Amino acid sequence: MKTPLIMTPGPTYVSEEVRRALSREITNPDLDLDFYEFYKETCHQIKKLLNTKNDVLILSGEGILGLEAACASLIEDGDKVLVIDNGIFGKGFGDFAKMYGGEVQFFQSDYESAIDVDKLEKFLEENHDFKLATLVHCETPSGITNPIEVICPMLKKYGIITVVDAVSSVGGETLNTDAWKIDMVLGGSQKVLSAPPGLTFLSISEEAWGAISNRRTPIIGYYCNLAIWKNWYEDQWFPYTQPVSDLYAIRAAVDMLLEDKEALERHRKIAEALRKSLKDAGIQLYAKEGFSNTVTTFMVPEGITFRQVYEDMLKNHGIMIAGAFDFLKDRVIRIGHMGENCYEEKVYSTLKALDQVFRKYNIPLRGELHKLFVEYV
Ligand SMILES: *Cc1c(COP(=O)(O)O)cnc(C)c1O
C-alpha cells in the first residue's frame, strides 16, 4: 500500500536523509566512548534550536515522557503547582502534577484564544505562592500558540519555576528559552523536527536543577527521574542503554533544521496563507486569535462529518489529516504544517483534495481553497 501524505500535527513526514540515519550501523552506546561525544554534540545542537545555554537531555520515550519527567522530578508531596490552562494539553498537565503529589491550582483562560496575560497578571498579584507553573506553548488540538515570552518572565518575577510544553512548537515558532526565562522546555522528536516518534528532549536551568537536587523526599521512579542524569557526561555513564538509531535520526533532523535558515519564516507564511484561504472560502477557524504557525484547526462544516472528510481524503486522495480528541472530537479538522510538512506543495495538495471533498458533499465555498492559497502564499 502506498504511504499516504501524513499532514497531521505530528507525526510528520520523515525525510529520506533522516530515515537513512536510522539505518546506520549501531554501536554499543555504553561502551563506545565516542557515543558519549555524539550524544553531547546532539544535545548541543538542540540547545541552539532552543536558544539556551541550559543543560539539554534526550530521553527515550515519546513527548509525554518529558511532561511526566518534569513533574516527577520537580514536584514533591504538597508542592503548590500553578497549571495555566487554555486547552487540552494545558489542562492535562494538571493530572501529571497531581499524580506526583502537587497541590494544583488552575488558572483557566478562554479555550478559543491565547492565554489572557492581563488576567494572568492580576491573578498572580493575589496568588503567587507556587513552586512551579506549567503551561503549553502551542495547544496542538486547538491550534493556538500562547505568548510564553510574556508569561514566563511574569512568573519569574515571583520566583516561580517555569515548565513549558513546547512539543509542537520547537523549531516552528520563535523560542528564546533563556531570554524568556524558561526553566524547562519540553520537546518531542515527531513534531517540527520531523524525526520518528520515540524521543523527548528537554532543557533544565540551574534553578530547575536546584529544585531537583534539593528535595525533602526522593524522586519516585527511575525512568522519569532526571536526577540520575546529572553527571552522565563526567561519569561516562547512561542510566539505561540509549536508543542509538533514534538518536542518529534526531541528530540528522536537528542538523537539517538548523541549516534551514528560512524555517521559522516559512512556518509563519504558510500558516497565515492557509488560514486566510480557509476563512475567505467561508470555513470557520476554531480559534478567535493567537493562531499557531505549526497547526491549523478549523470547524467541520455543516453537511459533512469528520469521518467522511477523513476517509475521503485518505482513500481518494492519499492524504491523512487529523481530527482532535476530548471535547473537540468530531468537531474540528486539523492540518499539520510543521517541519517537513511545511512546504507550499504539500499544503497546496492538501487544500486541493479538501476542496474536492467539500464540493462532493455540497459544502458551499467562496472560491477554491488551493487557488486562494496560491494567491496568498
Ligand atoms: C504531540 C504533543 C505532545 C505529545 O503527546 P502525544 O499526543 O502522545 O503525541 C505533548 N504536548 C503537545 C502540546 C503535543 O502537541
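Bear in mind that the values here come from a model prediction, so they are computed numbers and not experimental data.

So, the overall build of the protein
Part 1 of the argument: Of the regular secondary structure elements, the protein holds twelve helices and 13 strands.
Part 2 of the argument: Taking 2.2 N^0.38 as the reference for a compact globule, 377 residues should give roughly 21 Å; the C-alpha atoms of the protein span a radius of gyration of 21 Å, in line with that estimate.
Part 3 of the argument: Here the C-alpha coordinates of the protein stretch approximately 65 × 55 × 30 Å along the principal axes.
Part 4 of the argument: The burial tally for the protein puts 58% of its 377 residues in the buried class.
Part 5 of the argument: For the protein, the accessible surface area stands at approximately 15900 Å², while carbon and sulfur atoms represent 50% of it.

Quick notes on the domain arrangement of the protein
Part 1 of the argument: Taken domain by domain, the protein holds domain 1 (5-10 + 261-376) and domain 2 (16-259).
Part 2 of the argument: The distance between the C-alpha centroids of domain 1 and domain 2 comes to 28 Å.
Part 3 of the argument: Taken together, the 26 residues of domain 1 in the interface contact 28 residues of domain 2.
Part 4 of the argument: Of the roughly 2100 Å² buried between domain 1 and domain 2, counting both surfaces, carbon and sulfur atoms make up 57%.

Things to note about the site of the ligand
Part 1 of the argument: Surrounding the ligand, one finds Glu62, Ile64, Phe89, Cys138, Thr140, Asp165, Val167, Ser168, Gln190 and Lys191.
Part 2 of the argument: Thr140 has a polar side-chain atom sitting 2.3 Å from an oxygen atom of the ligand.
Part 3 of the argument: With respect to the ligand, the side chain of Gln190 contributes an N or O atom lying 3.3 Å from an oxygen atom.
Part 4 of the argument: Alone, the ligand offers 380 Å² of accessible surface; in the complex the protein occludes 81% of this.
Part 5 of the argument: Per-class residue counts for the shell around the ligand are four nonpolar, three polar and three charged.

A few points about the pattern of salt bridges
Part 1 of the argument: Applying the stated criterion to the full structure yields 20 salt bridges.
Part 2 of the argument: Ionic pairing is found between Glu112 and Lys288, a salt bridge with its closest N-O pair at 3.3 Å. With Glu112 in the loop between strand 4 (103-108) and helix 5 (117-126) and Lys288 in the loop between helix 9 (263-281) and strand 11 (295-299), this pair connects stretches of sequence that are 176 residues apart.
Part 3 of the argument: Owing to a relative accessible area of 28%, Glu112 belongs among the partly exposed residues under this scheme.
Part 4 of the argument: Given a relative accessible area of 53%, Lys288 falls into the exposed group.
Part 5 of the argument: By sharing partners, the salt bridges in this structure join Glu41, Arg251 and Asp255 into a single network.

Regarding the side chain of Ser73
Part 1 of the argument: As for its placement among the helices and strands, Ser73 is situated in helix 3 (residues 64-74).
Part 2 of the argument: Ser73 sits in the buried class, given a relative accessible area of 0%.
Part 3 of the argument: Aside from chain neighbours lying at most four places away, what touches Ser73 is Ile212, Arg215, Ile219, Cys224, Asn225 and Leu226.

Brief notes about empty space enclosed by the protein
Part 1 of the argument: Tallied over the entire structure, the rule returns one cavity of 30 Å³ or more.
Part 2 of the argument: Of the voids in this model, the largest cavity is the one considered here, and its volume is about 40 Å³.
Part 3 of the argument: In terms of lining residues, the largest cavity is bounded by Ser142, Gly143, Arg275, Leu285, Ala287, Phe291, Ser292, Val295, Thr296 and Thr297.
Part 4 of the argument: Tallying contributions element by element places strand 11 first for the lining of the largest cavity, with three residues.
Part 5 of the argument: The residue inventory of the lining of the largest cavity, partitioned by class, reads four nonpolar, five polar and one charged.

Regarding a negative patch on the surface
Part 1 of the argument: On the surface, a cluster of negative charge is contributed by Asp55, Glu206, Glu234 and Asp235.
Part 2 of the argument: Topologically, Glu206 is positioned in helix 7 (residues 206-213).

As for the UniProt feature "modified residue: N6-(pyridoxal phosphate)lysine" (unreviewed entry) in the protein
Part 1 of the argument: Those residues carrying the UniProt feature "modified residue: N6-(pyridoxal phosphate)lysine" (unreviewed entry) are Lys191 in this numbering.
Part 2 of the argument: Those residues in contact with Lys191, other than ones at most four positions away along the chain, are Pro9, Gly10, Thr12, Val167, Ser168 and Met338.

Let's talk about the environment of Tyr361
Part 1 of the argument: Mapped onto the fold, Tyr361 is located in the loop between helix 11 (344-360) and helix 12 (369-376).
Part 2 of the argument: Along the primary structure Tyr361 and Cys138 are separated by 223 residues, whereas in three dimensions their C-alpha atoms are 32 Å apart.
Part 3 of the argument: Among all residues touching Tyr361, those that are not within four sequence positions of it are Gly303, Ile304, Gln308 and Asp312.

Criteria and thresholds
- Residues numbered from 1 in each chain as written.
- Predicted model: local features only at pLDDT ≥ 70, side-chain atom pairs only at ≥ 80, totals over all residues.
- Heavy atoms only, no water.
- Helix = DSSP H or I, 4+ residues; strand = E, 2+ residues; numbered from the N terminus.
- Rg over C-alpha atoms; globule rule 2.2 N^0.38 Å.
- Buried < 20%, exposed > 50% of the residue type's maximum accessible area, 1.4 Å probe, protein only.
- Areas by Shrake-Rupley, 256 points an atom, 1.4 Å probe, with all protein chains shown as cover.
- Domains from an automatic or database assignment.
- Contact = heavy atoms within 4.5 Å.
- Buried area = accessible area lost by both parts, 1.4 Å probe.
- Near = heavy atom within 4 Å.
- Polar contact = N/O pair within 3.5 Å; in protein donor to acceptor, adjacent residues only side chain to side chain.
- Nonpolar A, V, L, I, M, F, W, Y, C, P; charged D, E, K, R; others polar.
- Salt bridge = Lys/Arg side-chain N within 4 Å of Asp/Glu carboxyl O.
- 1 Å grid on protein atoms, 1.4 Å probe; cavity = no way out; pocket = protein on both sides within 12 Å on 5 of 7 lines; lining within 4 Å.
- Points joined across faces, edges and corners; volume = space filled by probe spheres on them.
- Patch = residues over 30% accessible without salt bridge, like charges linked within 9 Å, V, L, I, M, F, W, Y side chains within 5 Å.
- Lys, Arg positive; Asp, Glu negative; His and termini not counted.
- Charge placed at Lys NZ, Arg CZ, Asp CG, Glu CD.
- UniProt positions renumbered as here; feature names shortened; annotations may be inferred.

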